[in-house]
Amino acid sequence: MSSDLGTVFSESALAAIARHTNIPAAVSGLLAQSATRLMDSAMIIADPHTRFRQAETSNVKTALPAMPMSPVLEQAIEATRHGGFGPQAVRFFGLLGSLMLTLSGSQAQTESVAQWVAADMTGAFCMTDAGGPLASHWYSTAPLKAPGELVVDKIWAMNATRADFAIVVVRRGQSMILSPILIAPDVYRTAKRANTGAPFLDGALPLGNVALRAPFDADSAMSKGGPISAKIFLACARPWLIRALCAHVRWLAANGRVVLDEAAIERIGFLEKASLMQTACGHFDRFSEDQAMALKWIANETWVELLMRGSVTRATDQRDLLAFTKMEGSSYRCFLEIYERNRRARHAHA
């Protein structure tokens, strides 16, 4: 049974998702337990520990553009149900790169990527920085305007050593503005790349480090949509990723590699439904980040719970699921960001 504090510190995340999907007890209890474990010293010592007030409406809503890659993403998820995520992973993450291009790319950039893909080239998306999780510490930077130097120092990027081009998220100048940069094949081939660790998903998905210094080309910045486009991308991409992982876990279960109890089945069904509802919203508003991060947090804890119960029989599958609990938002990162966005909206002490 979770503590009252765990319930208090998880309610903002749950309330965000409850705007479109009902929360079963198997999910709310899991998240309350997680919040109890994740509370840091400042929260324990200085937080008032009163309940969070939930905003009623969002006054600003940004309509999302049409997503032409959606039908192909659906096909990849359906194929994952029958054959696991491994054979689909590189293609799937490439499609998420197309989503980033739709949100942030210019017409010229979109046409260039289409030509590269038509020539059987593949891309990599590089987010995790060697400087750590805080953008203020990132080594990967580009100036706010040309001339200047593009510096890339990314780690653990999927398909990075096999790819022909890349989208790399960098910090612009000394600001906290994050911007995706499209690196063309002739530039990307000059990067220093190295595999890191054993590949994931039965050998189908290698990770690699990428280091590059090159003159900054202002036309390489994917600036359509402005600085908010990176947030919109993550809010859109996370539900797709969660659905793919749910399909993968169902495939593992069908092949005797994971044992799902009633609670796990209920949580996976919830994640699938809530992710569909999140995608169907069709807009980005003040709740979208919390909703997508809350879904990722719940998914993370669902996979960890399977491991803790001894339900995942193979060490390689355990490693895969643990890796996905860190990718695109660890439980602590999701918990902390939701807390920071909501911590001032508190009820007064009784």
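This text goes with the structure placed above it.
So, here's what we can say about the structure.

What counts as what
- Residues numbered from 1 in each chain as written.
- Predicted model: local features only at pLDDT ≥ 70, side-chain atom pairs only at ≥ 80, totals over all residues.
- Heavy atoms only, no water.
- Helix = DSSP H or I, 4+ residues; strand = E, 2+ residues; numbered from the N terminus.
- Rg over C-alpha atoms; globule rule 2.2 N^0.38 Å.
- Buried < 20%, exposed > 50% of the residue type's maximum accessible area, 1.4 Å probe, protein only.
- Contact = heavy atoms within 4.5 Å.
- Expected span 1.5 Å × (residues − 1).
- Core = buried A, V, L, I, M, F, W, Y, C linked by side-chain atoms within 4.5 Å.
- Arc of directions from axis to C-beta.
- Axes fitted to C-alpha atoms, helices over the stretch in contact; angles between N-to-C directions.
- Parallel < 35°, antiparallel > 145°, perpendicular 65-115°, else oblique.
- Left-handed = near helix turned anticlockwise from the far one by under 90°.
- Phe/Tyr/Trp six-rings, centres within 6.5 Å; stacked < 30°, edge-to-face > 60°.
- Lys NZ or Arg CZ within 6 Å of the ring centre and 35° of its normal.

**Here we look at the overall build of the protein chain**
Stage number 1. For the protein chain, the count of helices and strands is 12 helices and 9 strands.
Stage number 2. Here the C-alpha atoms of the protein chain give a radius of gyration of 20 Å, agreeing with the 20 Å that 2.2 N^0.38 yields for 350 residues.
Stage number 3. Split into buried and exposed, the 350 residues of the protein chain put 51% on the buried side.
Stage number 4. Taking as baseline every contact in the protein chain between residues at least 6 positions apart, the subset at least 24 positions apart corresponds to 78%.

**A short note on the environment of Ala 323**
Stage number 1. Considering the arrangement of structural elements, one finds Ala 323 in helix α11 (residues 315-326).
Stage number 2. Note: C-alpha distance between Ala 323 and Ala 237 (86 residues apart in sequence) is 17 Å.

**Comments concerning helix α2 (residues 25-38)**
Side chains that are three or four residues apart share a direction in an α-helix, a result of its 3.6 residues per turn.
Stage number 1. Here α2 contains 14 residues, and its C-alpha end-to-end distance of 20 Å stays within 8% of the 20 Å for a straight helix at 1.5 Å per residue.
Stage number 2. Every buried residue belonging to α2 is among Ala 26, Val 27, Leu 30, Leu 31, Ala 32, Ser 34, Ala 35 and Leu 38, and all of these are buried.
Stage number 3. For α2, the secondary structure elements touched by its buried residues are α1 (4-18), α9 (262-280), α10 (288-308) and α12 (331-342).

**Examining the nonpolar core**
Stage number 1. Counting residues in each nonpolar core, the largest one holds 83 residues, and the members touching the most others are Phe 85, Phe 92, Phe 93, Leu 99, Trp 297 and Trp 303.
Stage number 2. Residue contributions to this core peak at 16 residues, all from helix α8 (residues 229-254).
Stage number 3. If we ignore the near neighbours within four places in the chain, the residues touching Leu 99 are Met 67, Met 69, Phe 233, Cys 236 and Ala 237.
Stage number 4. Grouped together as the second largest cluster of nonpolar side chains are 20 residues, Ala 124, Leu 150, Ala 160 and Ile 183 included.

**Quick notes on helix α4 (residues 70-83)**
Stage number 1. Here α4 contains 14 residues, and its C-alpha end-to-end distance of 20 Å stays within 8% of the 20 Å for a straight helix at 1.5 Å per residue.
Stage number 2. Among the residues of α4, Ser 70, Leu 73, Ala 76, Ile 77 and Thr 80 are the ones counted as buried. Down the axis of α4, the buried side of the element spans an arc of 115°, and every buried residue falls inside it.
Stage number 3. Next to the buried residues of α4 lie α5 (89-104) and α8.
Stage number 4. Positive backbone phi, approximately 85°, marks Gly 84, located one or two places after α4.

**Some details on the packing of α9 against α10**
Stage number 1. Running from amino to carboxyl end, α9 crosses α10 at an angle of 160°, the nearest separation of the two axes being 11 Å. In terms of orientation, α9 lies roughly antiparallel with respect to α10. Considering how the two elements wind past one another, α9 and α10 form a crossing that is left-handed. Together, Ala 264, Arg 267, Ile 268, Phe 270, Leu 271, Ala 274, Ser 275 and Gln 278 of α9 and Ser 288, Gln 291, Ala 292, Leu 295, Ile 298, Ala 299, Thr 302, Trp 303, Glu 305 and Leu 306 of α10 make up the contact between the two elements.

**Points about the packing of aromatic side chains**
Stage number 1. In this structure the tally under the stated criterion is 11 aromatic pairs.
Stage number 2. Between Phe 9 and Phe 335, the aromatic rings sit 6.5 Å apart at their centres with planes inclined by 50°, giving tilted as the arrangement. One end of the pair, Phe 9, is in helix α1; the other, Phe 335, is in helix α12, with 326 residues separating them in the sequence.
Stage number 3. Phe 9 sits in the buried class, given a relative accessible area of 5%.
Stage number 4. Judged by relative accessible area, Phe 335 falls into the buried class, the value being 1%.
Stage number 5. Taken together, Phe 9, Phe 52, Trp 297, Phe 335 and Tyr 339 form an aromatic cluster joined through their ring pairs.
Stage number 6. The ring of Phe 200 has Arg 319 lying over it, and the distance from NZ or CZ to the ring centre is 3.8 Å.

Remember, this is a structural readout, not a statement about activity or role.
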